[in-house]
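Coordinate inspection notes
Each chain, written out:
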Amino acid sequence: MATETPPPSKSPSRLPSSEEFVAVHESAEFGELRSSYRGFAFPLTVAFIAWYLLYVLLSNYAGDFMGTKLFGNFNVAMALGLAQFLTTFLIAWWYARTAAARFDPKAEAIKSRMEGGA
């Protein structure tokens, strides 16, 4: 299976000093990267946990509703359970796509500057 990521470099990279880490941590560029990441990941995480807990609560306290047959032996509980898997994969795909487009280029720029000493 081919990947888009090149293999790691054989040459050792320069290790930044602790002062450089602090400077980058306090920089506007890093703050914007952290803010955009949190603005994407945290609401999505909260939404998924709420969706999962809704499923668990419905399973425990709304047995008649969850047992409602949609067609054949396929009921609401089965439909919502399969939807849990679907949303898990969709969120993972969405995150990977968003990270590759928005977060990774900014993080790579910060990393290369720190390792290059620029």
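Residues numbered from 1 in each chain as written. Predicted model: local features only at pLDDT ≥ 70, side-chain atom pairs only at ≥ 80, totals over all residues. Heavy atoms only, no water.

**A few points about the overall build of the protein**
Looking only at helices and strands, the protein has four helices and two strands in total. Taken over 118 residues, the protein has a buried fraction of 17%. Long-range contacts, defined here as pairs at least 24 residues apart, represent 65% of the contacts in the protein between residues at least 6 apart. Total accessible area on the protein stands at roughly 9100 Å², and carbon and sulfur atoms take up 68% of it. (Helix = DSSP H or I, 4+ residues; strand = E, 2+ residues; numbered from the N terminus. Buried < 20%, exposed > 50% of the residue type's maximum accessible area, 1.4 Å probe, protein only. Contact = heavy atoms within 4.5 Å. Areas by Shrake-Rupley, 256 points an atom, 1.4 Å probe, with all protein chains shown as cover.)

**Let's talk about the environment of E20**
Secondary-structure assignment places E20 in helix α1 (residues 18-25). Counting along the chain gives 94 residues from E20 to M114, while the straight-line C-alpha distance between them is 7.4 Å. Excluding its chain neighbours within four sequence positions, the residues that come into contact with E20 are R14 and M114.

**Let's talk about the side chain of T98**
One can find T98 in helix α4 (residues 76-116). On the accessibility criterion, T98 (9% relative accessible area) is buried. Aside from chain neighbours lying at most four places away, what touches T98 is F40 and F103.

**A word on the packing of aromatic side chains**
Two descriptors summarise a pair of aromatic rings, namely the distance from one centre to the other and the angle between the planes of the rings. The final tally for this structure, using the stated rule, is seven aromatic pairs. For the ring pair F40 and W94, a centre distance of 5.1 Å and an interplane angle of 80° mean the geometry is edge-to-face. Taken as a pair, F40 in helix α2 (residues 28-61) and W94 in helix α4 lie far apart in primary sequence, 54 residues in all. Here F40 falls in the buried class, since its relative accessible area comes to 9%. For the ring pair F71 and F74, a centre distance of 5.0 Å and an interplane angle of 20° mean the geometry is stacked. Connected via pairs of aromatic rings, a cluster forms that spans Y37, F40, W94, Y95 and F103. (Phe/Tyr/Trp six-rings, centres within 6.5 Å; stacked < 30°, edge-to-face > 60°.)

**As for the confidence of the model for the protein**
Of all residues in the protein, 90% attain a pLDDT of 70 or more, and the chain-wide mean is 88. Per-element mean pLDDT across the protein ranges from 84 in α1 up to 94 in α2. (pLDDT = per-residue confidence, 0-100.)

**Describing the nonpolar core**
Counting eight residues, the largest nonpolar core consists of V24, L33, F40, L44, A99, F103, I110 and M114. The set of elements that each furnish at least two residues to this core consists of α2 and α4. For this core, the leading source of residues is α4, giving four residues. In contact with I110, not counting residues within four places along its chain, are V24, E29, F30 and L33. With five residues, the next largest nonpolar core counts Y55, L58, M66 and V76 among its residues. (Core = buried A, V, L, I, M, F, W, Y, C linked by side-chain atoms within 4.5 Å.)

**Looking at the pattern of salt bridges**
Counted according to the given criterion, the structure contains two salt bridges. A salt bridge links E29 to R113; its shortest N-O distance comes to 2.1 Å. Of this pair, E29 sits in helix α2 while R113 sits in helix α4; the two residues are 84 residues apart in sequence, bridging distant segments of the chain. Taking the relative accessible area as the measure of exposure, E29 reaches 33% and is therefore partly exposed. In this structure R113 comes out as partly exposed when scored by relative accessible area, which is 35%. Note that K106 and E32 form a salt bridge whose closest N and O atoms lie 3.0 Å from each other. Here K106 is found in helix α4, whereas its partner E32 is found in helix α2, with 74 residues between them in sequence. When its relative accessible area of 39% is taken as the criterion, E32 is described as partly exposed. (Salt bridge = Lys/Arg side-chain N within 4 Å of Asp/Glu carboxyl O.)

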